[in-house]
Amino acid sequence: MSAVSTEPTPSPLPVRPQEGPHRSKDEDRRKAGLKNGGKHDNDSITRPHPKPSFPTPKLRLSTLDLDHPGSNVFFSNWNPSKALSEAVDVVLSLLYQPTKNNHHIPACRSVTLFLQGMGGVAYTTGSDLDIDHKEIHFSLDYINGIPPARQKDEIQGVLVHEMVHCWQWNAVGTAPGGLIEGIADFVRLKAGLSPPHWKKEGGGQWDAGYQHTGYFLEWIESACGEDSVRKINLALKDKKYEEDGFWEQLFGKKVTLLWKEYEGSLFKEQKMVMKIQDEGENRSKSHETDWDDDIEMNGEGKKDSRFEGDGPVAKDRLNENRA
Ligand SMILES: [Zn+2]
């Protein structure tokens, strides 16, 4: 309570809020900032921590032969500024989780795409001056030979594969080439850009590379956890690759055992597909037979049991396949 004054009462003035322990300096600064045209100084508010995001390299394009028919195919299908950054995004998000400092991601300050007449499909390399500047060289002859219906997806698919090489770890140059290429095709597969001729296949070595290993890595993700390929890539960061111990440490099993389990899963998958196909065929044969029987038996509709269930036809085909 305040003391009663005997002085004349002045006209009322706007009441100013009083400084008090309940108001923080931040609040005062915020109010001051808002008076200033609603703009905040950098330190006028307590901002939430920004979400970690991926690095953004400089992206460049160099077309070495505009007269080449492949250049026309390329530019009719592909928007360089959009598609190149989309390729970076999909590759980084499939290989890494962003952190505050992104120290777990290789330095890559720029990527330059060179379109040029050459044999083969494409390759990736560090620039002569600085390995942090990457170059992707893409063959215009190859681009020109892609069937029209496949041009857009094939161009982006190859680019995503090559972009993986800009960002993946390689165990200081000691990782098996097939694993490096397998990770690149795994990312292409997960990006929804696998070409129609790719197929899962057992047999041979796990590290034969490309889609052969890419599908194996996809199976590892389903059997050992969603982040498996990210873990494999990060395990290739600093140390030299030693097959003994590498896979056991990550998944508790040797890679040869994982490969056998993968082959087993393919066999089961194939068996299932054949069973469904055979049941479909048998059902249609059964309907034909019903139709015949209906005619012969004058509408009694008796089924022919020879075609029901997992019959001998399915087993014979399975054995042929295994041999
Ligand atoms: Zn490659």
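Bear in mind the structure is a predicted one, so any value in this text is a computation, not a measurement.

Pairing geometry for strand β2 (residues 110-116) and strand β4 (residues 133-139), over seven bridges, is parallel. The residue bridging phenylalanine 114 from the neighbouring strand is histidine 137, located in β4. Pairing geometry for strand β3 (residues 122-126) and β4, over five bridges, is antiparallel. Bridging from a neighbouring strand, alanine 122 pairs with phenylalanine 138 of β4. In sequence, β3 turns back onto β4 through a hairpin of six residues.

Glancing now at unusual backbone geometry. A positive phi angle is found at asparagine 102, which is not glycine, with a value near 55°. Phi is positive for alanine 171, which is not a glycine, with a value near 55°. Inspection of the secondary structure assignment puts alanine 171 in the loop between α5 (151-167) and α6 (177-190). In this structure alanine 171 comes out as partly exposed when scored by C-beta crowding, with 18 C-beta atoms within 10 Å.

The next subject is the sheet that holds β3. If you trace the four strands from one edge of the open sheet to the other, you get β1-β2-β4-β3, paired in mixed fashion. Pairing within the sheet leaves two strands with one partner each, and these edge strands are β1 (58-63) and β3. Along the sheet, successive strands turn relative to each other by an average axial angle of 15°, direction set aside. Contacts from α5 reach β2, β3 and β4 within the one sheet, and its direction differs from that of β3 by about 25°.

This brings us to the environment of glutamine 211. Among the secondary structure elements, glutamine 211 is positioned in helix α7 (residues 210-224). Among all residues touching glutamine 211, those that are not within four sequence positions of it are Asp185, Ser194 and Trp198.

Attention shifts here to the packing of α6 against α7. Axis separation between α6 and α7 bottoms out at 7 Å; the angle between their running directions is 70°. Judged on the interaxial angle alone, α7 and α6 are roughly perpendicular. Note on packing geometry: the crossing formed by α6 with α7 is right-handed. Contacts from Gly178, Leu179, Glu181, Gly182, Ile183, Asp185, Phe186 and Leu189 in α6 reach Tyr210, Gln211, Thr213, Gly214, Phe216, Leu217 and Glu218 in α7. Tallied by class, residues from the contact of α6 with α7 come to seven nonpolar, five polar and three charged.

How each quantity is defined
- Residues numbered from 1 in each chain as written.
- Predicted model: local features only at pLDDT ≥ 70, side-chain atom pairs only at ≥ 80, totals over all residues.
- Pairing = 2+ DSSP bridges.
- Helix = DSSP H or I, 4+ residues; strand = E, 2+ residues; numbered from the N terminus.
- Buried ≥ 20, exposed ≤ 12 C-beta atoms within 10 Å, placed from the backbone.
- Axes fitted to C-alpha atoms, helices over the stretch in contact; angles between N-to-C directions.
- Contact = placed C-beta atoms within 7 Å.
- Parallel < 35°, antiparallel > 145°, perpendicular 65-115°, else oblique.
- Left-handed = near helix turned anticlockwise from the far one by under 90°.
- Nonpolar A, V, L, I, M, F, W, Y, C, P; charged D, E, K, R; others polar.

Such coordinate-based values are descriptive only and should not be taken to indicate function.
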